[in-house]
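Listed below are the residues making up each chain.
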Amino acid sequence: MDITFDHVSFTYQAGTPFAGDGLKDISTTIKGGDYTAIIGHTGSGKSTLLQHLNALLKPTSGTVTIGDREITPETNNKNLKPLRQKVGMVFQFAENQLFEQTVERDIAFGPMNFGVPEKDAKALAAQMVKLVGLPDDILQQSPFDLSGGQMRRVAIAGVLAMQPEILVLDEPTAGLDPAGRLEMMTMFKKLHDEQGLTIVLVTHQMDDVADYADRVLVMEHGALVRQGTPREIFADPDWLRQKQLGLPKTTAFAERLQKLGFTFDQMPLTASELADDLMPQIGGGDRG
Amino acid sequence: MANAIDISHLKYSYPEATKPALNDVSFVVPAGEWWAIIGHNGSGKSTLAKNINGLLAPESGSVTVAGMPLTEQTVWDIRAKVGIVFQNPDNQFVGATVADDVAFGLENRAVPRDEMLTRVHDALVAVNMQDFATREPARLSGGQKQRVAIAGIVAQRPDIIILDEATSMLDPAGRLEIIDLIKQLRQQQSLTVLSITHDIDEAAGADHVLLLDDGQVKEIGTPAEIFQHGEALLQLGLDVPYPEKLKNALAKRGVHMPAGYLDEEGLAKALWTLHSTM
């Protein structure tokens, strides 16, 4: 299932003196099966864009096509449920949305809301708990007795229980410690690789973009200013700095090495790529 | 004043917990130093911070802050010396304007109005937010909000500032902004800084790193001493420093760089030496 933006603009509080630009003339396609990263400085319109992915916001002009559903400024709010089921949203600090007495009931809430019978919803809960790497016996516990990282996993399991085709993640690792961050990112990669989920990730972590994404959208002041593969985007460090965006650690370190006299045919994105590039330049491999 | 913080055999347990959150914690922070406190989630870092300013009372052991043993009698004096900046900037605002918010702590301490106005102004200048004095805190960016929270602390002229993951909810630019600000303030106002953090770059700038693991002090050392633990750091609550990651990738290909911790500059130089002697 693809999501296509065709000249989409969005104005906050349109028609009032407080009107402000949210999105400006966005045209792009998020392809089904891709892992897309959205980057941009705070306030660049990333979250506004996300809210168009399941019609939480409707464009002020232009068309968003989500699968076979067209969303235009005239679309009414009825019958959006099937769409919301297909596009699962994990907001920042998703654990704040937990509310039920047990983990099982919290995860089953979404599917039951979409008409799944209780028995099936509970079976889904058991399945999803496994998928996010939590033990079975957590199902009967209160979500509020869990650690922050576990709570976030439960919240994500609740979104996955609706069996979406697209998983939208807004800074899903914010506030977790580095080990928790790595576990979480590995889990999303597995969901993408093994379950075939389409992933849309908003992040400030350029290393995550380099490690996981197939495509990158760069936002600034509500406009989509560049799109491409991570390699294309990170090939232009000066431009990224202008946009107040960083580089993956490897790319930044390779830049430093370039100044010393090392050469790279294309900027490396990961430590192992850089190690490969360095081998012939430091006499590695033929020294025994 | 030689030592800002002197903690001896501190033990603390939360009610109904099966094991103590802090157990036999001892360390001394000389005045004016910057310490990074690291440890995985749940290792006791924030509990330690709350024991230092008396938000929690130790089960046993002693806490001495700015030369004063922490007791019921001294707790208010000690809180005047220790300012804490918390993780979520949205949770710490009370004032309707930036200036009101900065003044709040001073009002609580019944500082005379004339002096209060001067101190609020000076604090806002110190964090470079003087142009925002009449703005509404809710409308600021994350980095700006943390600046205002820090101004509220600076206005009270503390000796010690504790950052409890104060940059973890900010974007990379906001994070740098706050760290640079604390570095500046520390020099201008000779502050002691205790920074609870998962951010490797923040820890790298500290004089000492204290590693907490399951409520106990596992190690105290310079950043270089702690960082040479390499991949084990991930389990201890920090990222693996980038030079260690690259060294591992090279080692897998049969190239062994010098043992011990190298920072990025050191590693770049070592690689260049190999290149030059090819």
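Rules of the game
- Residues numbered from 1 in each chain as written.
- Chains lettered and ligands numbered in written order.
- Predicted model: local features only at pLDDT ≥ 70, side-chain atom pairs only at ≥ 80, totals over all residues.
- Heavy atoms only, no water.
- Pairing = 2+ DSSP bridges.
- Helix = DSSP H or I, 4+ residues; strand = E, 2+ residues; numbered from the N terminus.
- Salt bridge = Lys/Arg side-chain N within 4 Å of Asp/Glu carboxyl O.
- Buried < 20%, exposed > 50% of the residue type's maximum accessible area, 1.4 Å probe, protein only.
- Core = buried A, V, L, I, M, F, W, Y, C linked by side-chain atoms within 4.5 Å.
- Contact = heavy atoms within 4.5 Å.
- Polar contact = N/O pair within 3.5 Å; in protein donor to acceptor, adjacent residues only side chain to side chain.

Asks: Got a minute to help me understand the pairing of strand 1 (residues 3-12) of chain A in this structure?
Replies: Residues and elements named next belong to chain A. Summarising the sheet, strand 1 and strand 2 (residues 20-30) pair through seven bridges and their orientation is antiparallel. Within strand 2, the position partnered with Val 8 by the bridge is Ile 26. Relative to strand 4 (residues 61-66), strand 1 is paired through five bridges, and the arrangement is antiparallel. Counterpart to Asp 6 in the pairing with strand 4 is Thr 63.

Asks: I keep staring at the pattern of salt bridges and nothing clicks. Help me out?
Replies: Going through the model one piece at a time under the given rule, you end up with 23 salt bridges over all chains. When the shortest N-O distance is used, the salt bridge between A:Glu220 and A:Lys243 registers 3.2 Å. Of the two residues, A:Glu220 is situated in strand 9 (residues 215-220) and A:Lys243 in the loop between helix 9 (237-242) and helix 10 (249-260); the sequence distance between them amounts to 23 residues. We classify A:Lys243 as buried; its relative accessible area is 15%. With a closest N to O distance of 3.9 Å, B:Asp199 and B:Arg175 form a salt bridge. Here the residue B:Asp199 occupies a position in the loop between strand 8 (192-196) and helix 7 (200-204), and B:Arg175 occupies one in helix 6 (residues 172-189), the gap between them amounting to 24 residues. Members of the salt-bridge network, linked through shared partners, are A:Asp238, A:Arg241 and A:Glu255.

Asks: How should I be thinking about the nonpolar core in this particular structure?
Replies: General note: in soluble globular proteins, nonpolar side chains tend to be found buried as a group. Ranked by internal contacts, the top residues of the largest apolar core, which has 50 residues, are A:Ile107, A:Leu167, A:Phe188 and A:Phe234. The element that contributes the greatest number of residues to this core is helix 5 (residues 148-160) of chain A, accounting for seven residues. Leaving out residues up to four positions away in the same chain, A:Ile107 has contacts with A:Ala125, A:Met128, A:Val129, A:Val154, A:Ala157, A:Gly158 and A:Ala161. Listed in part, the 47 residues of the second largest apolar core include B:Leu140, B:Val154, B:Leu170 and B:Ile182.

Asks: Could you clarify how one ought to interpret the environment of A:Asp25 in this entry?
Replies: Residues and elements named next belong to chain A. For Asp 25, the location among the structural elements is in strand 2. Owing to a relative accessible area of 47%, Asp 25 belongs among the partly exposed residues under this scheme. It is 7.8 Å that separates the C-alpha atoms of Asp 25 and Gly 62, two residues lying 37 residues apart in sequence. Look past the residues within four positions of Asp 25 in its chain and what remains in contact with it is His 7, Val 8 and Ser 9. Looking at Asp 25, its side chain comes within polar contact range of the side chain of His 7, at 2.8 Å.

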